[in-house]
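# Structural description and commentary
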Amino acid sequence: MLEVHSLTKNYGEKVAVDGLSFKVEPGEVFGLLGRNGAGKTTTIKMMLGLVTPNQGQVEWEKKKGLNHVSFGYLPEERGLYPKTKVMEQLMYFGKLEGMKKSEIKQSVEYWMDRFDIMMYKDKLAGDLSKGNQQKVQLAATLLHNPDLIILDEPFSGLDPVNTNLLTEVILEEKQKGKVIIMSSHQMDQVEKFCKQVVLMKDGKALIAGELAAVKESYGLMYLSLFGDVRTLSEFATKHGYTFQEDGKRIILSLTNEDDHLRVLSQAVEAGVHVSEVTYLQPTLHQIFIDKVGS
């Protein structure tokens with residue numbers, strides 16, 4: 001189990017991370033979320049010992065630090081040698097992890113095949129597309145079978161086919177009992193994997209906890225009304241509701257769980273025909289925009 005206790009980092013008067021705490025169980029994917037500059041990368045670097053915190057500590061199985069832990073880190077920025085062949089540098093990364101040569105070759109070939117990049121083994125990394133470079137970096141992150149996996153924007157540059165491939169890999173690693181930290185701006189992907197999330201802004205945790213509980217307690221809910229969109233939109237505008245059109249329906253933003261009854265009563269009184277009603281929880285994307293959007 002990974003535990004983060006009150007991590008804090010100051011750069012002069014600037015507080016990059018402010019007392020952040022969370023824990024992640026084996027076989028769990030944890031979402032570390034926020035806009036650019038929120039403090040996510042600084043948090044990751046403190047966890048890995050690349051940046052010294054002003055306060056707080058990280059524990060693995062109740063032992064301080066991650067020096068005794070096998071981890072794989074996929075940074076958001078490119079971490080490849082552009083003038084080195086793909087196979088050569090993956091073999092080199094395996095050597096840095098202390099693997100035997102036979103183990104490295106077997107693992108590198110497995111992950112190159114898994115990510116469908118074997119045909120690029122003799123290519124220079126800098127000559128590959130952004131998506132294929134990302135798959136090479138993913139192979140480097142996983143080739144030594146780490147217990148802790150940290151993925152910073154793992155879906156960057158991937159097309160839908162490769163996005164599905166990486167989704168399968170993450171679920172496989174989760175089933176193996178790995179501890180996985182995922183930082184991503186793609187909220188739909190986070191919702192697929194993450195049981196718990198922390199949403200950061202200006203170094204602080206705005207929201208923290210189990211995703212299901214976060215949604216349930218959020219407060220702002222949505223009512224989906226199907227019917228003639230023009231008539232429904234006129235009705236919503238007249239009554240001052242915030243809404244958006246979506247195909248053959250409109251989606252109203254509500255402020256409490258009782259509002260939907262009032263909306264339907266008003267619609268009946270106005271003679272507006274509603275063919276179907278659905279009460280919706282907010283998506284993680286909607287929560288993200290509401291909490292950290294401009």
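Residues numbered from 1 in each chain as written. Predicted model: local features only at pLDDT ≥ 70, side-chain atom pairs only at ≥ 80, totals over all residues. Heavy atoms only, no water.

## Side note on the environment of F288
Residue placement: F288 occurs in helix α10 (residues 284–292). For F288, a relative accessible area of 11% puts it in the buried group. C-alpha separation for the pair F288 and R35, spaced 253 residues apart in sequence, amounts to 9.0 Å. The contacts of F288, once residues within four sequence positions are left out, are G34, R35, M187, L199 and G293. (Helix = DSSP H or I, 4+ residues; strand = E, 2+ residues; numbered from the N terminus. Buried < 20%, exposed > 50% of the residue type's maximum accessible area, 1.4 Å probe, protein only. Contact = heavy atoms within 4.5 Å.)

## Considering the packing of aromatic side chains
Inspection of every chain in the model, using the stated rule, returns eight aromatic pairs. Here Y92 and F93 contribute two aromatic rings whose centre-to-centre distance is 6.1 Å and whose plane-to-plane angle is 45 degrees, an arrangement assigned as tilted. Ring geometry for W111 and F115: centres 5.6 Å apart, planes at 25 degrees, overall stacked. Here the two residues W111 and F115 agree in accessibility, since each one is buried. Among the aromatic residues, those joined into a ring-pair cluster are Y81, Y92 and F93. (Phe/Tyr/Trp six-rings, centres within 6.5 Å; stacked < 30°, edge-to-face > 60°.)

## Some points on a nonpolar patch on the surface
On the surface, Y81, Y92 and L96 cluster together into a nonpolar patch covering about 330 Å² of accessible area. For Y81, the position within the fold is in the loop between β6 (71–74) and α2 (86–96). Classification of Y81 by relative accessible area gives partly exposed; the value is 43%. (Patch = residues over 30% accessible without salt bridge, like charges linked within 9 Å, V, L, I, M, F, W, Y side chains within 5 Å. Areas by Shrake-Rupley, 256 points an atom, 1.4 Å probe, with all protein chains shown as cover. Salt bridge = Lys/Arg side-chain N within 4 Å of Asp/Glu carboxyl O.)

## Describing the packing of α2 against helix α3 (residues 101–114)
At their nearest, the axes of α2 and α3 sit 9 Å apart, and the two run at 130 degrees to each other. As judged from the angle between their axes, α2 and α3 are oblique. For α2 against α3, the interelement crossing comes out right-handed. Of the residues in α3, those in contact with V86, M87, L90, M91, G94 and K95 of α2 are K101, I104, K105, V108, E109 and M112. (Axes fitted to C-alpha atoms, helices over the stretch in contact; angles between N-to-C directions. Parallel < 35°, antiparallel > 145°, perpendicular 65-115°, else oblique. Left-handed = near helix turned anticlockwise from the far one by under 90°.)

## Re the sheet that holds β6
Taken in spatial order, the six strands make up an open sheet running β6-β7-β8-β3-β9-β10, and their pairing is mixed. Taken across any chain shown, the strands that pair with only one partner, and hence form the sheet edges, are β6 and β10 (204–210). Each strand axis lies, on average, 15 degrees off the axis of its neighbour in the sheet, ignoring direction. As judged from the six bridges shared by strand β3 (residues 28–34) and strand β9 (residues 194–201), these two strands associate in the parallel manner. (Pairing = 2+ DSSP bridges.)

## With respect to the sheet that holds strand β11 (residues 221–226)
Strand order in the open sheet formed by four strands is β12-β13-β11-β14, and the pairing between neighbours is antiparallel. Both edges of this open sheet fall to β12 (243–246) and β14 (276–280), since each of them pairs with a single strand only. Between one strand and the next, the sheet's axes are offset by a mean angle of 20 degrees, whatever the strand orientation. Bridge analysis of β12 against strand β13 (residues 249–254) gives four bridges, and the strand direction is antiparallel.

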